[in-house]
Amino acid sequence: MGTGYDSFVVKGVDPVVALLPAEILVTGRTADAIEADPRHGRLVGMVGDGEVVTLSLTDSFCNSLARFDRKQLGEVARGWSASGVFNAQSDLSGLTGFLEDLAALAERASVRGHRLYCWISM
């Protein structure tokens, strides 16, 4: 499952709750605007009783990440880390690396006219 798709693997980042502060920082949109977006965490598919689910990420997040200055992702990670969605010991370099990988994926998706999704396996 998931083979053939441009992707990367990460653990411990909930795409609906934990990713919200990062999306706010990258897009400049409010939490209310993001949560009202029909693509924010929308269930796209599910296997069985939820052992595997696919959720959509917003187009504004994908497009903003695709154009975002990579040199500023460390600052986004710092703000994201301070948002309270992670414990106080969150790894800033790990969050920055995740954002760099996600931004690169978003850029490739944008060039191809694709969208971003999160595949979760329980």
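Placed above this text is the structure.
Throughout this document, residue positions are counted from 1 along each chain, in the order its sequence is written. Residues qualify for local features only when their pLDDT is at least 70, as the model is predicted, and side-chain atom pairs are given and counted only at 80 or more; totals for whole chains, interfaces and linings, by contrast, use all residues. With hydrogens and water set aside, each side-chain value is computed from the structure's full complement of heavy atoms.

Participant: I'm lost on the overall build of the chain in this one. Help?
Facilitator: Here a helix means four or more residues in a row that DSSP labels H or I, a strand means two or more in a row labelled E, and each is numbered from the N terminus. Tallying secondary structure elements over the chain gives five helices and three strands in all. Reading the chain from its N terminus to its C terminus gives the helix and strand order α-α-β-β-α-α-α-β. Against the 2.2 N^0.38 benchmark of 14 Å for 122 residues, the chain shows a C-alpha radius of gyration of 14 Å, consistent with a compact globule. With respect to the three principal axes, the spread of C-alpha positions in the chain is 40 × 35 × 30 Å. C-alpha atoms define the radius of gyration in this analysis, and the globule rule sets the expected value at 2.2 Å times the number of residues to the power 0.38.

Participant: Would you mind going over the side chain of Ser56 with me for this structure?
Facilitator: By the element assignment, Ser56 lies in strand β2 (residues 52-56). Each residue's exposure class comes from its accessible area (1.4 Å probe, protein chains only) as a fraction of the maximum for that residue type: buried when under 20%, exposed when over 50%, partly exposed otherwise. Residue Ser56 is classed as buried on the basis of its relative accessible area, which comes to 0%. Reaching out from Ser56, the side chain makes a polar contact with the backbone oxygen of Arg39 at a distance of 2.5 Å. In this view, Ser56 contacts Arg39, His40, Gly41, Arg42, Val44, Leu116 and Tyr117; residues no more than four positions away in its chain are not counted. Polar contact criterion, stated in full: a pair of N or O atoms within 3.5 Å, where within protein one must be able to donate a hydrogen and the other to accept it, and residues adjacent in sequence count only if both atoms are side-chain atoms. Whether two residues are in contact is decided by their heavy atoms, any of which lying within 4.5 Å being enough.

Participant: Would you mind going over the packing of helix α4 (residues 73-81) against helix α5 (residues 92-112) with me for this structure?
Facilitator: Where α4 meets α5, the closest approach of the two axes is 9 Å, and the angle between their N-to-C directions is 125°. By the criterion of interaxial angle, the relationship of α4 to α5 is oblique. For α4 against α5, the interelement crossing comes out right-handed. Only Leu92, Leu95, Thr96, Phe98, Leu99, Glu100 and Ala103 of α5 make contact with α4, whose side of the interface consists of Leu73, Gly74, Val76, Ala77, Arg78, Trp80 and Ser81. Its residues placed into classes, the contact of α4 with α5 shows nine nonpolar, three polar and two charged. To get an axis, a line is fitted to the C-alpha atoms, and for a helix only the part in contact is used. The angle between two axes follows their N-to-C directions and goes from 0 to 180 degrees. Every angle not falling under 35 degrees, over 145, or within 65 to 115 is termed oblique; those three ranges are roughly parallel, roughly antiparallel and roughly perpendicular. For a crossing to be left-handed, the near helix must be turned anticlockwise from the far one by less than a right angle; the clockwise case is right-handed. Residue classes follow a fixed rule: Ala, Val, Leu, Ile, Met, Phe, Trp, Tyr, Cys and Pro count as nonpolar, while Asp, Glu, Lys and Arg count as charged, and any other residue, Gly among them, counts as polar.

Participant: Whenever I open this one, the pairing of strand β3 (residues 117-121) confuses me. Can you help?
Facilitator: Residues in a regular strand point their side chains to alternate faces of the sheet. Along β3, the buried face is formed by Cys118 and Ile120; none of Tyr117, Trp119 and Ser121, which line the opposite face, is buried. Pairing between strands is defined by DSSP: at least two bridges between them are needed. Where β2 lies against β3, five bridges are found, and the strand directions are antiparallel. When the bridges of β3 are listed, Val53 appears paired with Ile120.

Participant: Looking at this structure, how should I read the pairing of β2?
Facilitator: Counting buried residues in β2 gives four out of five residues, a clear majority hidden from the surface. Alignment of strand β1 (residues 43-47) against β2, held across four bridges, turns out to be antiparallel. Within β2, the position partnered with Gly45 by the bridge is Thr54. Connecting β1 to the next strand, β2, in antiparallel fashion are four residues, including Gly48 with a positive phi near 60°.

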